[in-house]
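# Tertiary structure, described
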Amino acid sequence: MFAQIVWLVLRKDFTIEVRSLEIAYTTLFFAISCVLVFAFALVQEGRAPEGGAAGILWIAIAFAGTLALGRTFERERQAETLRALLLAPAARPAVYVGKLLGIIVLLLAAEVILVPLVALLFQAPLFAHPVWLALILLTGTVGFAAVGTLFAAMLVRARSRDVLLPVLLYPITVPVIIAGVRATGALLAPEVDAGVLQVWVALLVCFDVVFLTLALWTFEPLMTD
Amino acid sequence: MNPRLRSGQAVAEFDYLAVEDVSRHFGRRRALSRITFRADRGAILGLLGPNGAGKSTMLALLATLLRPTSGTIRYGDHVAGAHGAGLRASIGVLGHDLFLYPELTARENLEFFAGLYGLPDRRAAADAALEAAGLSDRGNDPVSSFSRGMRQRVALERALIHQPRLLLLDEPFTGLDDGSAAALGRRLQTLRASGAIIVLATHDLDLAEDLLDRAVFLRDGRMVHAADRPDALRAMYRDIMTRPNVASGLSRTNG
């Protein structure tokens with residue numbers, strides 16, 4: 001039953017997004033604009049500052065993710081469908097996981113376009129170690145989205161939700177973003193140190209486990225009242 | 001009695017709903033204060049009162065979306081906290097907002113909610129709901145293309161898709177033309193005859209008068225009057241709501 005609810009919520013969100021492409025377009029447009037602006041500002045004579053590519057990539061992911069989180073739950077607010085989800089006898093953590101997976105898929109899809117763009121504009125060899133890159137992006141995205149989905153759901157009825165979401169989200173997810181930046185930076189070093197990468201990825205996995213556990217534990221009580 | 005099971009989940013069975021001395025505060029604001037009433041199977045109870053009287057808060061409490069600050073809500077032998085999912089499986093809610101995804105078709109909406117309620121055959125449930133709504137031929141159209149009346153019919157069938165014992169309706173007649181409102185009234189009478197407990201919050205006293213078996217009048221979060229089988233509802237409402245200091249005591253009329 002848990003898996004069925006997760007699938008239903010994910011498929012519903014996916015169907016709506018495929019029909020409107022609203023979040024995909026706005027998120028991508030925003031993220032690509034962000035990368036382009038930084039590329040024009042920072043890349044001088046074909047040379048980017050050290051660590052710049054990693055930082056810009058994660059800034060774009062965080063900003064685009066915040067936009068996607070807000071819009072996803074705005075949809076649930078417009079016809080009060082979040083209430084309908086909470087009124088159903090379905091396990092509420094399953095509703096959370098369904099929404100979370102939708103956000104993760106969306107962000108990963110955005111990263112498929114962002115990563116080559118950053119690699120191209122910043123002359124960064126991001127694809128030299130594709131497995132490590134995929135691991136870093138996946139673990140970082142899961143950590144960011146786990147907290148973001150919880151906060152976006154909590155704030156759906158708050159009047160100033162658009163302001164409150166980043167205010168609450170960024171301080172909590174700063175460790176994930178820093179770990180993502182440092183891991184990606186380590187990947188771009190001339191001599192890749194697998195030990196250093198392992199430490200950062202392990203840290204990201206730890207954040208994911210902690211954030212997911214807390215979110216699954218608190219989602220039902222937070223959404224009840 | 002063996003409990004009904006749906007996807008391994010026991011569905012709560014009950015014959016009455018009892019609200020016992022229930023209060024609900026939001027911070028220092030008292031949204032509801034010491035409300036007591038009972039609703040039985042095969043009856044429609046109306047929650048009547050002006051804007052801000054506490055009707056929607058009462059419905060949210062009955063729907064288990066909110067917890068009372070004090071007092072108890074009993075669904076037969078069950079209380080909300082102890083039987084959350086099982087109770088929710090027995091409750092249908094039609095809110096002022098329709099709880100439908102406008103981008104999805106009517107069929108997709110109904111199948112989605114049938115799945116959430118663990119119904120074994122989602123397609124059959126959606127077919128039956130579309131037929132009951134009189135929209136079998138529009139099932140594959142997006143809800144955003146429907147008129148308000150058509151959306152309301154789909155929303156009602158969404159609320160009923162799991163055959164709930166308790167149906168909660170918040171201003172269901174809003175935005176409906178006379179024909180659609182009359183059809184909704186007939187549907188509610190059918191549900192009452194089938195043994196559902198129906199709680200209806202409305203401003204539309206003319207339509208409610210023919211439907212209600214019991215009326216509970218709320219003002220400023222307090223229950224100020226209760227009447228069984230009320231007639232001349234509009235006059236009664238006007239009289240109760242214009243009384244000075246009406247919140248200070250509870251009156252009762254047996255029709």
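The paragraphs below set out a description of the structure included in this document. From a predicted model like this one, the values you see are computed outputs, not experimental measurements. (Residues numbered from 1 in each chain as written. Chains lettered and ligands numbered in written order. Predicted model: local features only at pLDDT ≥ 70, side-chain atom pairs only at ≥ 80, totals over all residues. Heavy atoms only, no water.)

## Notes on the interface of chain B and chain A
Under the convention used in this document: Residues count as neighbours in contact if any of their non-hydrogen atoms are within 4.5 Å of one another. A 1.4 Å probe defines the accessible area here, and the buried area is the portion of it lost by two parts on being joined, summed over both. Between Lys or Arg on one side and Asp or Glu on the other, a salt bridge is scored when a side-chain nitrogen of the former is within 4 Å of a carboxyl oxygen of the latter. Nitrogen and oxygen atoms within 3.5 Å of one another constitute a polar contact, given that in protein one can donate a hydrogen and the other can accept it, and given that sequence-neighbouring residues count only through two side-chain atoms. Here a helix means four or more residues in a row that DSSP labels H or I, a strand means two or more in a row labelled E, and each is numbered from the N terminus. In this classification, Asp, Glu, Lys and Arg are treated as charged, Ala, Val, Leu, Ile, Met, Phe, Trp, Tyr, Cys and Pro as nonpolar, and every other residue, Gly included, as polar.
Each partner contributes to the interface: chain B provides 29 residues, whereas chain A provides 28 residues. When the two sides are added together, the surface that chain B and chain A hide from each other amounts to roughly 2,600 Å², 61% of it contributed by carbon and sulfur. Summed over the three residues of chain B that lose the most area to chain A, namely B:Leu65, B:Arg88 and B:Leu116, the buried surface amounts to 26% of that side. Across the chain B-chain A interface, the total number found is one salt bridge. Note that A:Arg19 and B:Glu108 form a salt bridge whose closest N and O atoms lie 2.7 Å from each other. Summed over the shared surface of chain B and chain A, the result is seven residue pairs in polar contact (both at pLDDT 80 or more). Of all the secondary structure elements, the ones that give two or more residues to the side of chain B that touches chain A are α2 (84-88) and α3 (106-116) of chain B. By residue number, the principal contributor to the side of chain B that touches chain A is α3(B), which donates five residues. Classifying every residue of the side of chain B that touches chain A by side-chain character gives 16 nonpolar, six polar and seven charged.

## Comments concerning the packing of aromatic side chains
The criterion, for reference: Under the pairing criterion, centres of Phe, Tyr and Trp rings, with the six-membered ring standing for Trp, must be within 6.5 Å; the plane angle then separates stacked pairs below 30 degrees from edge-to-face pairs above 60, leaving the rest tilted. Exposure is judged per residue with a 1.4 Å probe applied to protein chains only, and the accessible area is read against the type maximum: over 50% gives exposed, under 20% gives buried, and values in between give partly exposed. Charge over a ring is defined by NZ of Lys or CZ of Arg lying within 6 Å of the ring centre and within 35 degrees of the ring normal.
One pass over the full model with this rule turns up nine aromatic pairs over all chains. Centroid distance A:Phe30 to A:Phe63: 6.2 Å. Interplanar angle 45 degrees. Geometry classified as tilted. With A:Phe30 in helix α2 (residues 22-42) and A:Phe63 in helix α3 (residues 52-78), the pair connects residues that are 33 residues apart, well separated along the chain. A:Phe30 sits in the partly exposed class, given a relative accessible area of 36%. Note on B:Tyr101 and B:Phe113: the rings are 6.4 Å apart at their centroids and 20 degrees apart in plane angle, and the pair reads as stacked. Taken together, the residues B:Tyr101 in the loop between β8 (91-94) and α3 and B:Phe113 in helix α3 connect sequence positions twelve residues apart. B:Phe113 shares its class with B:Tyr101; the two are buried. In this structure an aromatic cluster arises from ring pairing among A:Phe30, A:Phe63 and A:Tyr170. One Lys or Arg, A:Lys99, reaches over the ring of A:Phe73 and ends 5.2 Å from the middle of that ring. Cation over ring: B:Arg158 sits above B:Phe113, and NZ or CZ is 5.2 Å from the ring centre.

## A closer look at the pairing of strand β12 (residues 222-228) of chain B
Residue and element names in this part refer to chain B. Stated precisely, the cut-off is as follows: Here the rule is simple: two strands pair whenever DSSP picks up at least two bridges between them.
Along β12, five of the seven residues are buried, which leaves the element largely enclosed by surrounding structure. Sheet topology note: the strand β11 (residues 214-219)/β12 ladder contains six bridges and is antiparallel. Bridged to Phe217 within β12 is His225. The hairpin formed by β11 and β12 contains two residues between the paired strands, and Asp220 there has a positive phi angle of roughly 50 degrees.

## Considerations on the pattern of salt bridges
Applying the stated criterion across every chain yields a total of 25 salt bridges over all chains. The salt bridge involving A:Arg92 is made with A:Glu220; its shortest N-O contact spans 4.0 Å. With A:Arg92 in helix α5 (residues 92-121) and A:Glu220 in helix α8 (residues 194-224), this residue pair connects regions lying 128 residues apart in the sequence. Judged by its relative accessible area of 32%, A:Glu220 is partly exposed. Across the pair B:Arg74 and B:Glu20 runs a salt bridge whose closest N-O atoms are separated by 3.2 Å. Linking B:Arg74 in strand β6 (residues 70-75) with B:Glu20 in strand β3 (residues 16-26), this pair joins segments that are 54 residues apart in sequence.

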